Amino acid sequence: MQRSAIADTICRTIELGVTITDAALDGEDRTHLFCEVLAPKSSCPRCERAGRLRDHVDREVADLPIVGHPTRLHLRVPRYACENGACGQGIFRADISAIVAPRAAVTRRTIAWILRRMILDKMSVSAVAASVGLGWNTVNALALQAARTVASAPGRLDGVRVLGVDEHKWKHVRGNGDSSFVTVLVDLTPIVDGTGSARLLDMVGGRSKAALKDWLDARDDSFRDRIRVVTMDGFTGYRTATAEALDKARAVMDPFHVVHLAAEKLTVCRQRVQHDTCGHRGRTGDPLYGIRRPLLTRIALLTDKQKARLRSGLEAHEEHVAVSVTYAIYQELINAYGQENKRDGKIAMYKLLKRIHTGVPSGLAELAQLGRSLWARRAEILAYFDTGASNGPVEAINGRLEHLRGIALGFRNLNHYILRSLIHSGGLAQHLDAL
Ligand SMILES: [Zn+2]
């Protein structure tokens, strides 16, 4: 084997269609490889006639690290003159865009390598940046762009029948501005089928009907036709978007959010009664304040001691009856979801919603409010029992994203946050071939 062929095999430059003619080390730990382009394309980009070789230019680009050291390729790129008088192209370079994208400072294979290290080996941006001898910002931008390419790879959205839609706050700014929220789209199909875990499909800025509708509209027909169930929280914009964009999908309101809504009302009721009976906000020693936590816990999870304390707290004052009644409904709601047989659960839930949707006695303002809002969403609440789809896994993914946000960066840029989340939880590993 020729020496250059040996070097090209070791450095895999052979795969780039270039051959090493010289090499050098610099004082900054980098290996420089000087390469000729093999079989350069000499045809004019405009008229496609072969040009006349004029000279060469040196294009320096970062490539894969070699034996642990950052590498720079110096590609000797031929320049040609088009001699077709009718063309007007003048001078042009041999096309090496298969090796490195126009104006890029890094070979294509290095970009793929960077994303692989981050996804498969969970390497940090700074570790990857050090391996390739590039700056943090450069590597971050390259990885994010590559992740976007992989995330939109054909086939990545195949097979989604159960779509989870959720929202969460990504930027903790004052107020509730739409821009501090993201709408999170998750594939729940593997959960419902029992074949795997949920997968982050995408995230879009904002929390609005438009955020979801625009995303659904941008997918192809076959994706939209396949969706049977969309689980969501109580936000009505998502329900409207689902109804408008998807013909065959049922909207399901997630049990987590229904229970959460009831828990909120129970808490407001407890605070109100607390204030009415003690004349101040809850403090240690107040009977209702003392039971604020067991009140929200599933009764089956309480110890006998906690149950006794709960009972005596609720019975400590006559006016506590409002809390007792709201509490009983809250537990009934949880029990309906807990029914082993989904049909029994559905009947129990329907009866409960019907009972509290109107005619709740006075003095139970929070319960009356809860009854009205749940009744308005009864179709989606009851649909849960037919489909068994829950956003629980969406919450779990949110938890991971919260954690992700907590580390280091603070993500002031939403796109960076979205793409980093995709790298982290998007299941991109199977689609890396798209690079
Ligand atoms: Zn030409």
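What you see is a predicted model; the values in this text were computed from it and never measured.

(A) Structural context of the sheet that holds strand E6 (residues 162–169). Read across the sheet, five strands follow the order E8-E7-E6-E9-E10 without closing on themselves; strand pairing throughout is mixed. If you trace the sheet from one side to the other, it starts and ends with strand E8 (199–205) and strand E10 (250–253), each paired once. Direction aside, the axes of adjacent strands within the sheet are offset by 25 degrees on average.

(B) Expanded view of unusual backbone geometry. The backbone of valine 67 sits at a positive phi, close to 40 degrees, despite the residue not being glycine. Its place among the elements puts valine 67 in the loop between strand E3 (52–66) and strand E4 (69–81). Classification of valine 67 as exposed rests on a relative accessible area of 76%. A positive phi is found at arginine 103, a non-glycine position, where the angle reads about 70 degrees. With respect to the helices and strands, the residue arginine 103 is situated in the loop between strand E5 (91–93) and helix H2 (108–120).

(C) Representation of the packing of helix H9 (residues 255–278) against helix H13 (residues 321–338) within the structure. Orientation of H9 relative to H13, taken along the N-to-C sense of each, is 170 degrees, at an axis distance of 9 Å. By the angle between their directions, the pair H9 and H13 is classed as roughly antiparallel. Taken together, the residues of H13 that come into contact with H9 (itself represented by Pro255, Val258, Val259, Ala262, Ala263, Leu266, Cys269, Arg270, Arg272 and Val273) are Ala322, Val323, Thr326, Tyr327, Tyr330, Leu333, Ile334 and Tyr337. Within the contact of H9 with H13, the residues separate by chemical class into 15 nonpolar, one polar and two charged.

(D) Up close: the side chain of threonine 242. Topologically, threonine 242 is positioned in helix H8 (residues 236–245). For threonine 242, a relative accessible area of 3% translates into the label buried. Excluding residues that lie within four positions of it along the chain, threonine 242 makes contacts with Leu212, Val230, Met232 and Ala249.

(E) Molecular detail of the nonpolar core. If you look at the biggest cluster of nonpolar residues, it comprises 77 residues, and the most contacted ones within it are Ile114, Leu115, Val139, Leu295, Val323, Met349 and Ile381. Here this core gets nine residues from one element, more than from any other, and that element is H13. Setting aside residues up to four positions removed in sequence, leucine 295 forms contacts with Leu266, Arg270, Leu310, Leu314, Val323, Tyr327, Tyr330 and Gln331. Counting residues in hydrophobic clusters, the runner-up holds 22 residues, among them Val57, Ile66, Tyr80 and Ile96.

(F) Region of the structure containing the UniProt feature "domain: Transposase IS204/IS1001/IS1096/IS1165 helix-turn-helix" (unreviewed entry) in the protein. On the UniProt side, "domain: Transposase IS204/IS1001/IS1096/IS1165 helix-turn-helix" (unreviewed entry) is annotated at positions that read residues 99–142 here. Measuring from the first to the last C-alpha atom of residues 99–142 gives 15 Å, for a span that is 64% helix and 0% strand.

(G) Spotlight on the coordination of the zinc ion. For the zinc ion, the full set of protein donor atoms is Cys44 (SG), Cys47 (SG), Cys82 (SG) and Cys87 (SG), and the range of their distances to it is 2.3 to 2.4 Å. Here the zinc ion is ringed by four donor atoms whose angles at the metal span 100 to 115 degrees, and the overall shape comes out tetrahedral. Mapped onto the sequence, the donors of the zinc ion take the spacing C-x2-C-x34-C-x4-C. On the criterion of sequence distance, the pair formed by cysteine 44 in the loop between strand E2 (31–37) and E3 and cysteine 82 in the loop between E4 and E5 is long-range, its members being 38 residues apart.

(H) Highlighting the confidence of the model for the protein. Here the protein averages 87 in pLDDT, while 92% of its residues score no lower than 70. Per-residue pLDDT, averaged within each element of the protein, yields its smallest value for helix H17 (residues 392–406) (54) and its largest for E4 (97). With pLDDT under 50 throughout, residues 405–409 is counted as low confidence; its partners more than four residues away or in other chains account for ten contacts.

Criteria and cut-off values
- Residues numbered from 1 in each chain as written.
- Predicted model: local features only at pLDDT ≥ 70, side-chain atom pairs only at ≥ 80, totals over all residues.
- Heavy atoms only, no water.
- Pairing = 2+ DSSP bridges.
- Helix = DSSP H or I, 4+ residues; strand = E, 2+ residues; numbered from the N terminus.
- Axes fitted to C-alpha atoms, helices over the stretch in contact; angles between N-to-C directions.
- Buried < 20%, exposed > 50% of the residue type's maximum accessible area, 1.4 Å probe, protein only.
- Parallel < 35°, antiparallel > 145°, perpendicular 65-115°, else oblique.
- Contact = heavy atoms within 4.5 Å.
- Nonpolar A, V, L, I, M, F, W, Y, C, P; charged D, E, K, R; others polar.
- Core = buried A, V, L, I, M, F, W, Y, C linked by side-chain atoms within 4.5 Å.
- UniProt positions renumbered as here; feature names shortened; annotations may be inferred.
- Donors = N, O, S within 2.8 Å, 3.2 Å for Na, K, Ca; no water.
- Tetrahedral: all angles 85-135°; square planar, octahedral: opposite > 155°, others 65-115°.
- pLDDT = per-residue confidence, 0-100.

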